[in-house]
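# A structural walkthrough
Residue strings, one per chain:
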Amino acid sequence: MNTDSLRRMRGLIRKEMAQVVRDPSSILIAFVLPAVLLFLFGYGVSLDANHIRVGVVLESTSPEAQSLSAAFQNSRYFDVRVGRDRREFEEELVAGKLRGMVVVPANFNETLRNGEASTAIQVIADGSEPNTANFVHNYVQGTFSNWLVQQSFDAGRPEVATPSVSIEPRVWFNPELRSSWILLPGSIAIIMTIIGTLLTALVVAREWERGTMEALIATPIGIVELLVGKLTPYYLLGMGSMAVCVITSVTLFDVPFRGSVLALVLISSVFLLAMLALGMLISTVSKNQFVAAQIALIVGFLPAFLLSGFVFEISSMPLPIQILTRLIPARYFVTCLQTIFLAGDIPSVLVPNTLALCAIATVLMLLVAKKTNKRLD
Amino acid sequence: MPFGRECRSPFTYPMPDLLASVESVTKRFPNIDSPALDKITAVIRSGEICGLVGADGAGKTTLLRLLAGLLEPSEGAITVTGLNSVKESDAIHERIGYMPQRFGLYEDLTVIENLRLYADLRGVVGDERSEAFERLLRFTDLARFTKRLAGALSGGMKQKLGLACALIRKPQLLLLDEPSVGVDPISRRELWTMVGDLVDDGIGVVWSTAYLDEAELCDTVLLLNEGQLLHDGKPSELTKQVKGRVFLVSGIEENQRRHVLAQTLRKKAVIDGVIQGKSLRLLVKKGETLPSLPGTAQSTTPRFEDAFIDRLGGGPGGDSALAAQMDPISGDKNVPVIEATTLTKKFGSFIASDNVSFEVRRGEVFGLLGPNGAGKSTAFKMMCGLLQPTSGQAKVTGLDLKTATSKARSKIGYMAQKFSLYGDLSVRQNLDFFAGIYGLTGGRKRSAIETMIETFSLQAYLKTSAAVLPLGFKQRLALSCAVMHEPAVLFLDEPTSGVDPLTRREFWTHINGLVEKGVTIMVTTHFMDEAEYCDRIALVFRGRVIATGSPDELKSESDAASLEDAFIGLIERETKEGTAA
């Protein structure tokens, strides 16, 4: 590479930097957008169910029934209201104001005494939201079992309380099962997808729209110089957003960071380059900022959101879709980030995923180089 | 003026004579039937300004891009400085300067940053760079503005900066795509001086333009029309062909001249005629003599446009089918139909329109003339109720646009810049839509649409999308959409800029016909020729009306030969008074 070529690249990078500094939209996309999205994902999206509103219907007034009702009220999973008749809650359940009802029937004590604990209470859940209905069902059952064990203890029947095999679940990497720990690293992948594609999609399309690209390609500049000149500033900007995301996640949302910064930087770089290349490809083809932004969202954000395994488990997708996910760079990045944050540098996970990212990035770069030419037709 | 003779051009050393040759080049674009350029053969020499002249869509930009090696010819070959434009385009890029439309500047970079970028790209470094910057900044008179963002420069300054960027390394060939669009007449004149200096140093310049008056300033002209090369040679060779056949007829009563023009154009001997101020400008067919007319005819110097029309076989007739089917609008001719009283519009601290006042009588053609950004569109938009004035009053047919907006608007027909049709809708759907928004329904709507289709021969295109219509039909459709509801007042925003002279004449034939029927017309234009069609014009500059009068009055007021000279004279007087005050 000769000095002329280096000078041209340096000139382009400097020009691009000056534009970034003066153009609030680049700053907005690079720093404000990730922060906003991270807050949305961190605070807004939660797969944990806390404070589910349920009604507890006490048809029995026995001390046991009262005690069970107290157990529900003490649970952090429920916001409980107590009534005497299920009709009190029926309307609210229909209106969606309550997610479920727990009925403690008049013959509660009798059934318990007969050892038919499994049929002692009735659970009615709002099936229009199956996820929540499941939570209601499981948590009621859990609370009820705990209460039964407690009761046996109090009654001095420890044989019920200590079964011969005790199962004590221990969850690795995320012992409290906080969904934000899983969601935040995943959402960083989504955020970087949006930012990476949008940054370059907009700026190159803008050059076409304003006619500056035409002036540029009529100079002695080469394709590689043009690409390097465009990618370098936005790579730096993108890594800046990455830093914002990581620091916010670790400090504000207490997500652990167990891997190394080096691994994070390396893998993020490969991913970011793939995304920047995708953005450039989009804008080179569309040559129009509005269309480029639309396409960037459709081919960048949507597949990343739906098919990366960030929210929706890939293993539970139908096989053809599972195969499709292999084409989505975010899929590999989500896995890498979750691993680096929660588990550490685990080569058996990181290496194959990074190689896949490298392959995708290479293909996209080659496509961009092929599509970018110094001609208008 | 900073660009007098004493300002030497920035370069000096000799170069070869033949710079570029175009050999039977055809360029086709996918999905378009007719070629953008059809078997063009031409040469470009150093030390000359070669004018690439033609209307929008004639193929000017395509030819420039082919020369710059940015497009590949479908057939034929182009050689630039001895290099093949396809195989050796990289080497060509080293040797040419290219200024695309809208100057190719980064508006969010400062003047010096733009220069620095292009210096980096073209490998101008060290002492060579500082010399080049100094020379170009002096040449363009931009030294005071190096720290200003390019986007904050005026049209004229942008154009000079664009030129400076294209000249960073002395090119052998300089390609300029419509450099004079969006530039005020004074800056335009300065640019011609600057380019003249470059040419003196041996650089070859290709200057593309849709303004036919610029053709006469070029050393050679390539005249393009719908992809065909109509003329290749000196502009005088073309105008010579109509010598002695162009007449100026004066002394016709003012309210009669449109009528006389229409009648004259019916005669076989007269192949073209337009209104020029108080007079008629007529072109007589080869071998014929001027028929007898009211008023006195005088032979006049032919213009490039006269020759162009002659080359195309004459203009359209003078009868408007549109006006023929229209009922005359009755009413007193002396009552003002359009009234602007101290119209002022502020955008923040910027005064876009400053105390603008004028009156337009029934059946008058009134023009707002001024460079881009002078504020004529702002004044215009207030007159048709699209913009609320900050202060002052706008009235149409006696109705205040502020209080009786919709009632006033129903009297108005509006044709926006670039025709503003719905490109994705068919001709029929466009007609339907515009009839609907102007409040036509049922039988009235049907008959109005039928009349328009018949009058403008739109039958064959009814199912065609407006976007792909031939330019002439696009204009017809736009006009029919604006007049379908038979408005008493017609607003035309830059109606024929960039349009070929035949289409322009057809358009003005209809307008003249409508005026005969009593319709009042208000036009904005930056096109001096078009301003000659008006009865009266107001010159707008920096938001203010600096002079009002008939084209002839304005010319005699500033003792100028052309309207452009008059305009420049008036602006200079105005700025002088401004600095004195």
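Conventions we followed
- In this convention, every chain numbers its residues from 1, walking through the sequence in written order.
- Chains carry letters from A onward and ligands carry numbers from 1 onward, assigned in written order.
- The predicted origin of the model limits local features to residues at a pLDDT of at least 70 and limits the giving and counting of side-chain atom pairs to 80 or more, whereas totals for whole chains, interfaces and linings rest on all residues.
- For the purposes of this entry, the term helix denotes a DSSP run of H or I that reaches at least four residues, the term strand denotes a run of E that reaches at least two, and both are numbered from the N terminus.
- Radius of gyration here uses only the C-alpha atoms, and the compact-globule reference equals 2.2 Å multiplied by the residue count raised to the power 0.38.
- Residues with at least 20 other C-beta atoms within 10 Å of their own are called buried, those with 12 or fewer are called exposed, and the rest are partly exposed. The C-beta atoms themselves are positioned from the backbone.
- Placing a C-beta atom from the backbone of each residue, one calls two residues in contact when those atoms lie within 7 Å.
- In this description, strands pair whenever DSSP reports at least two bridges between them.
- Axis lines are fitted to C-alpha atoms, over the contacting stretch for helices. Their N-to-C directions set the angle, which ranges from 0 to 180 degrees.
- Each domain's extent was defined by an automatic or database domain assignment.
- In these notes, a nonpolar core means any group of buried Ala, Val, Leu, Ile, Met, Phe, Trp, Tyr and Cys residues linked to one another through C-beta atoms within 7 Å.
- What sets the label is the angle itself: under 35 degrees gives roughly parallel, over 145 gives roughly antiparallel, 65 to 115 gives roughly perpendicular, and the rest give oblique.
- Note: crossing handedness is left-handed where the near helix turns anticlockwise from the far helix by less than a right angle, and right-handed where it turns clockwise.
- Any residue outside Ala, Val, Leu, Ile, Met, Phe, Trp, Tyr, Cys, Pro, Asp, Glu, Lys and Arg is labelled polar, Gly included; the first ten of those are nonpolar and the last four are charged.
- The span you would expect from a helix comes to 1.5 Å times its residue count less one.
- Taken from the helix axis, the directions to the C-beta atoms give the arc we talk about.

### Re the overall build of chain A
Counting its regular elements, chain A contains 15 helices and four strands. Here chain A has a C-alpha radius of gyration of 28 Å; the compact-globule value for 377 residues is 21 Å, and the former is much larger. Along the longest, intermediate and shortest principal axes, the C-alpha atoms of chain A span 90 × 45 × 40 Å. Taken across its 377 residues, chain A has 39% of its residues classed as buried. Once local pairs closer than 6 in sequence are excluded, the contacts in chain A between residues at least 24 apart make up 80%.

### Some words on the sheet that holds strand 14 (residues 296-299) of chain B
Strands pair in a sheet through their backbones, by hydrogen bonds, and they do so in one of two ways: parallel or antiparallel. All names here are of chain B. Ordered by their spatial adjacency, four strands build an open sheet running 12-13-11-14, and the pairing between neighbours is antiparallel. Only two strands of the sheet have a single partner each, and these edge strands are strand 12 (270-276) and strand 14. Sheet twist, expressed as the mean angle between neighbouring strand axes with direction ignored, is 25 degrees. Contacting strand 11 (246-250), strand 12 and strand 13 (279-284), helix 10 (residues 304-311) runs over the sheet at an angle of about 40 degrees to strand 13.

### A look at the domain arrangement of chain A
Taken domain by domain, chain A consists of domain 1 (3-45 + 178-371) and domain 2 (52-161). For domain 1 of chain A and domain 2 of chain A, the distance between their C-alpha centroids amounts to 48 Å.

### Digging into the nonpolar core
Counting 176 residues, the largest nonpolar core has L67, L175, V205, V206, M383, F491 and I521 of chain B as its most contacted members. Of all hydrophobic cores here, the second largest spans 66 residues; its members include A30, F41, L237 and F305 of chain A.

### Here's the deal with the packing of helix 2 (residues 24-44) of chain A against helix 8 (residues 179-209) of chain A
Residue and element names in this part refer to chain A. It is at 9 Å that the axes of helix 2 and helix 8 come closest, and there the two elements cross at 155 degrees. Relative to helix 8, the element helix 2 is oriented roughly antiparallel. The chirality of how helix 2 crosses helix 8 is right-handed. Here helix 2 contributes S26, I29, A30, L33, P34, L37, L38, F41 and G42 to the contact with helix 8, which in turn contributes S180, L183, L184, S187, I191, I195, L198 and L199.

### Some points on unusual backbone geometry
For K287 of chain A, which is not a glycine, the phi torsion comes out positive at approximately 60 degrees. K287 of chain A gets classed as partly exposed once you count the C-beta atoms within 10 Å, which come to 17. A positive phi angle, near 60 degrees, is found at R102 of chain B, a position not held by glycine. Its place among the elements puts R102 of chain B in the loop between strand 6 (96-99) and helix 3 (111-121).

### Focus on the interface of chain A and chain B
Each partner contributes residues to the interface: chain A has 23 residues there, and chain B has 25 residues. Sorting the residues of the side of chain A that touches chain B by element identifies helix 1 (3-22) and helix 9 (212-217) of chain A as the ones contributing at least two each. Of the residues in the side of chain A that touches chain B, the class split is seven nonpolar, five polar and 11 charged.

### Remarks on the pairing of strand 9 (residues 220-225) of chain B
All names here are of chain B. Buried residues dominate strand 9, accounting for five of its six residues. The pairing of strand 9 with strand 10 (residues 228-233) spans five bridges and is classified as antiparallel. Bridge pairing in strand 10 places V221 opposite G233. Between the antiparallel neighbours strand 9 and strand 10 lie two residues, among them E226 with a positive phi of about 45 degrees.

### So, helix 4 (residues 126-140) of chain B
All names here are of chain B. In a regular helix each residue adds 1.5 Å, so 15 residues correspond to 21 Å; helix 4 covers 21 Å between its end C-alpha atoms and thus fits that length. For helix 4, every residue scored as buried is listed here: A132, L136, L137, F139 and T140. The arc enclosing the buried residues of helix 4, seen along the axis, measures out at 160 degrees, which places them on a common side. Projecting away from the buried face of helix 4 at angles above 90 degrees are the exposed residues D127, S130, E131 and E134. Residues of helix 4 that are buried in the fold lie against helix 3, helix 5 (155-166) and helix 6 (185-200). A positive backbone phi angle near 60 degrees is found at D141, which sits one or two residues after helix 4.

### Digging into the pairing of strand 16 (residues 350-361) of chain B
All names here are of chain B. Inspection of the sheet shows strand 15 (residues 336-347) paired to strand 16 by eight bridges, in the antiparallel sense. Note that in strand 16 the partner of K345 across the bridge is S353. Counted between consecutive antiparallel strands, the loop separating strand 15 from strand 16 contains two residues, among which G348 sits at a positive phi close to 65 degrees.

### Section: helix 16 (residues 471-483) of chain B
All names here are of chain B. In a regular helix each residue adds 1.5 Å, so 13 residues correspond to 18 Å; helix 16 covers 19 Å between its end C-alpha atoms and thus fits that length. By the criterion of burial, helix 16 is predominantly enclosed, with 10 of the 13 residues buried. Tucked inside the fold, the buried residues of helix 16 contact helix 11 (321-324), strand 20 (412-415), helix 14 (427-437), helix 15 (442-455), strand 21 (489-493) and helix 17 (501-516).

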